[in-house]
Amino acid sequence: MGRLDGKRALVTAAGQGIGHASALAMANEGAQVFATDVNTEALGTLDHANIVTFPLDARDSDSIADGVSRAKPDILFNCAGFVHHGTIQDSTDDEWDFAFDLNVRSMYRTIRAALPGMLDRGNGSIINMSSALGSIIGAPNRFIYGTTKAAVVGLTKSVAVDFITQGIRCNCICPGTVESPSWHDRVKALGEQLGSYDKAMEQFVARQPMGRVAKAEEIAALVVYLASDESAFTTGHTHIIDGGWSGQ
Ligand SMILES: NC(=O)c1ccc[n+]([C@@H]2O[C@H](COP(=O)([O-])OP(=O)(O)OC[C@H]3O[C@@H](n4cnc5c(N)ncnc54)[C@H](O)[C@@H]3O)[C@@H](O)[C@H]2O)c1
């Protein structure tokens, strides 16, 4: 308790999944959390004395400027992202543009907006959501998704190195498969192709050598660590949390 006392955290995509779990975990550690999403109904599930919720579209610069001016964050957790399914042959230009806009350009927007305040205060921890998939290990039918998540690694390292002497840290997280509402949708969609939900579940779980997927709370614990001063000597890195998927 209290590992984030006195800190202010802005979280994108906090309505469900990893963003939701991370907003709660940071609030439980004493941070004042500004939990945002485009889905305001989902934000309604975040009931905590340290959490303020409001809509923020990570694809819209005005919405981000408003969110940053309200939150004045010391911690920025860029969690918004979308999983496209398919090979390069299944991908359209529009799908590519949408995924890059939401998964990568959104971070360019939020970091540009939050950095000046962080630099004024001489303190900031930026945490970007990448994925083990694409940045560390290839997986079938994740051409656009894997490409965007690899780009997040480059973005992270580039921001980290430019502000390393000014109190700003920038890291990214590379999870394996994590239980979340959108993941359940992906299992259902694959189940329709394979003829059964259980077969699809088996295929997803088989990727993870531990024989299970991650809980969102397990990723949230890493977010808390990277947000806190415990990780003060850590910047510019990919933090892999994938149940041993890429470590074999
Ligand atoms: N679930 C996994 O297996 C997994 C693994 C590795 C990385 N990730 C990444 O973690 C992040 C969260 O995924 P998840 O599966 O935990 O949650 P999710 O996909 O179930 O939920 C995503 C949330 O993003 C919100 N969102 C969509 N567009 C938005 C926008 N323009 N602005 C703000 N919010 C928006 C949605 O409303 C939703 O609440 C994503 O970046 C994803 O790529 C997920």
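Everything numeric in this text was worked out from a predicted model, so none of it was measured. (Residues numbered from 1 in each chain as written. Predicted model: local features only at pLDDT ≥ 70, side-chain atom pairs only at ≥ 80, totals over all residues.)

**Student:** Give a description of the overall build of the protein that names residues and reports values.
**Tutor:** Of the regular secondary structure elements, the protein holds 9 helices and 7 strands. Here the C-alpha radius of gyration of the protein, 17 Å, is about what a compact globule of 248 residues would show, namely 18 Å. Along the first, second and third principal axes, the C-alpha atoms of the protein reach 55 × 35 × 35 Å. Classification of the 248 residues of the protein by burial places 46% in the buried group. For the protein, contacts bridging at least 24 residues in sequence account for 71% of all contacts bridging at least 6. (Helix = DSSP H or I, 4+ residues; strand = E, 2+ residues; numbered from the N terminus. Rg over C-alpha atoms; globule rule 2.2 N^0.38 Å. Buried ≥ 20, exposed ≤ 12 C-beta atoms within 10 Å, placed from the backbone. Contact = placed C-beta atoms within 7 Å.)

**Student:** I'd love a proper account of the site of the ligand, names of residues and values included.
**Tutor:** Lining the immediate environment of the ligand, one finds 29 residues, of which Ala 13, Gly 17, Gly 81, Ser 180 and Ser 182 sit closest. Breaking the shell around the ligand down by element, the ones donating at least two residues are helix H1 (17-28) and helix H7 (181-194). Among the residues forming the shell around the ligand, the class breakdown is 15 nonpolar, 11 polar and 3 charged. (Near = placed C-beta within 6 Å. Nonpolar A, V, L, I, M, F, W, Y, C, P; charged D, E, K, R; others polar.)

**Student:** Which residues make up the pairing of strand E2 (residues 32-37), and what are the values?
**Tutor:** Where burial is concerned, most of E2 is hidden: 6 out of the 6 residues are buried. Burial of E2 is two-sided: the residues Gln 32, Phe 34 and Thr 36 facing one way and the residues Val 33, Ala 35 and Asp 37 facing the other way are all buried. When strand E1 (residues 8-11) meets E2, the two strands line up parallel, connected through 4 bridges. Bridge pairing in E2 places Leu 10 opposite Phe 34. A crossover connection joins E1 to the parallel E2 through H1; in handedness this β-α-β unit is right-handed. (Pairing = 2+ DSSP bridges. Right-handed = clockwise from strand over helix to strand, strands pointing away.)

**Student:** Pulling in residues and values, what's your account of H1?
**Tutor:** Residues spaced three or four apart along an α-helix point in a common direction, a consequence of the helix completing one turn every 3.6 residues. For H1, built from 12 residues, the straight-helix expectation of 16 Å at 1.5 Å per residue is met to within 8% by its first-to-last C-alpha distance of 17 Å. Counted residue by residue, H1 has 11 buried out of 12 residues, so it is predominantly covered. Gly 17, Ile 18, Gly 19, His 20, Ala 21, Ser 22, Ala 23, Leu 24, Ala 25, Met 26 and Ala 27 are the residues of H1 that are buried. Turning to H1, the residues buried within the fold contact E1, E2, strand E3 (51-55), strand E4 (75-78), H7 and helix H9 (216-227). (Expected span 1.5 Å × (residues − 1).)

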